[in-house]
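Each chain, written out:
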Amino acid sequence: MLLPKVELMTDEELIALAREAAAKAYAPYSNFCVGCAIESVEGEVVTGANMENACYRLGLCAEQSALTAAQHKFGLDKVARIAVVGGSDATICTPCGGCRQAILEAAQLSARDVEIICGSGDGSAVEGHTIGELIPFGFGPANLSRPA
Ligand code: THU
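Attention here is on the structure that accompanies the text. All of these numbers come straight from a predicted model, not from anything done at the bench. (Residues numbered from 1 in each chain as written. Predicted model: local features only at pLDDT ≥ 70, side-chain atom pairs only at ≥ 80, totals over all residues. Heavy atoms only, no water.)

Between helix 2 (residues 62-73) and helix 3 (residues 97-110), the shortest axis-to-axis distance is 9 Å and the interhelical angle comes to 20°. Here helix 2 lies roughly parallel to helix 3, going by the angle between them. As helix 2 runs across helix 3, the sense of the crossing is left-handed. Contact residues: helix 2 offers Glu-63, Gln-64 and Leu-67, while helix 3 offers Gly-98, Cys-99, Ala-102, Ile-103 and Ala-106. Counted by class, the contact of helix 2 with helix 3 contains five nonpolar, two polar and one charged residues. (Axes fitted to C-alpha atoms, helices over the stretch in contact; angles between N-to-C directions. Helix = DSSP H or I, 4+ residues; strand = E, 2+ residues; numbered from the N terminus. Parallel < 35°, antiparallel > 145°, perpendicular 65-115°, else oblique. Left-handed = near helix turned anticlockwise from the far one by under 90°. Contact = heavy atoms within 4.5 Å. Nonpolar A, V, L, I, M, F, W, Y, C, P; charged D, E, K, R; others polar.)

This is the structure we're talking about:
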């Protein structure tokens, strides 16, 4: 039996969704808006943006907000590709260390080297990475002796 073909987005389309999400960030303290779009293995997509707080340390990153939505919509173990866009100039926005660790959690659950497409805020530059590149020798659920 033939399985239905899954329609996946292009990197540009996923980046465009991350850019739309960044426009909905709540970042009045840093003025650094970040958007994230996550695609599942079956082509479902969720988005998130950073949300800051007057109590600065309570701010939430775009990737963490999108990963929470991903868990609710299709499960962390189905995460396949992530687009991140942030800032307003030509500097490419890569996930911070904490977000890399959060992405590693999904990657180890799904046993995939999750792709991370990173873009600059001004739309001039995009580069692709994998979580294995961004957090080599990482510590994740696979290191614990209990099933995730
Ligand atoms: N930020 C993210 O949302 N994701 C990252 O990976 C890097 C940083 C947010 C946190 C804060 O609201 C603002 O960008 C400046 O650090």
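So that's the structure; there's more coming.
Neighbouring the ligand are Ser-30, Phe-32, Val-34, Asn-50, Glu-52, Cys-61, Ala-62, Glu-63, Thr-94, Pro-95 and Cys-96. A distance of 2.7 Å separates an oxygen atom of the ligand from a polar side-chain atom of Glu-63. One of the backbone nitrogen or oxygen atoms of Cys-96 is found 2.8 Å away from an oxygen atom of the ligand. Applying the majority rule of atoms within 2 Å of the grid points places the ligand in the largest pocket. (Near = heavy atom within 4 Å. Polar contact = N/O pair within 3.5 Å; in protein donor to acceptor, adjacent residues only side chain to side chain. 1 Å grid on protein atoms, 1.4 Å probe; cavity = no way out; pocket = protein on both sides within 12 Å on 5 of 7 lines; lining within 4 Å. Sits in = over half its atoms within 2 Å of the grid points.)

A grouping of Tyr-26, Tyr-29, Met-51, Tyr-56 and Leu-60 is seen on the molecular surface, where their side chains present a nonpolar patch of about 570 Å² in accessible area. Within the secondary structure, Met-51 sits in the loop between strand 2 (45-49) and helix 2. When its relative accessible area of 48% is taken as the criterion, Met-51 is described as partly exposed. (Patch = residues over 30% accessible without salt bridge, like charges linked within 9 Å, V, L, I, M, F, W, Y side chains within 5 Å. Areas by Shrake-Rupley, 256 points an atom, 1.4 Å probe, with all protein chains shown as cover. Salt bridge = Lys/Arg side-chain N within 4 Å of Asp/Glu carboxyl O. Buried < 20%, exposed > 50% of the residue type's maximum accessible area, 1.4 Å probe, protein only.)

What follows covers the environment of Cys-118. Turning to its location among the elements, Cys-118 is positioned in strand 4 (residues 115-120). Cys-118 sits in the buried class, given a relative accessible area of 0%. In the structure, Cys-118 is positioned 22 residues away from Cys-96 in sequence and 12 Å away in space, judged by C-alpha atoms. Not counting residues within four places of it along the chain, the set of residues in contact with Cys-118 comprises Ile-15, Val-84, Ile-92, Cys-93, Thr-94, Pro-95, Ala-125, Val-126, Glu-127 and His-129.

Strand order in this open sheet of five strands is 2-1-3-4-5, and the pairing throughout is mixed. The sheet is open, and its two borders are formed by strand 2 and strand 5 (126-130), each paired with just one other strand. Adjacent strand axes in the sheet meet at a mean angle of 20° when their direction is disregarded. Strand contacts of helix 2: strand 1 (34-40), strand 2 and strand 3 (79-86), with the helix running at about 150° to strand 2, the strand carrying the most contacts. (Pairing = 2+ DSSP bridges.)

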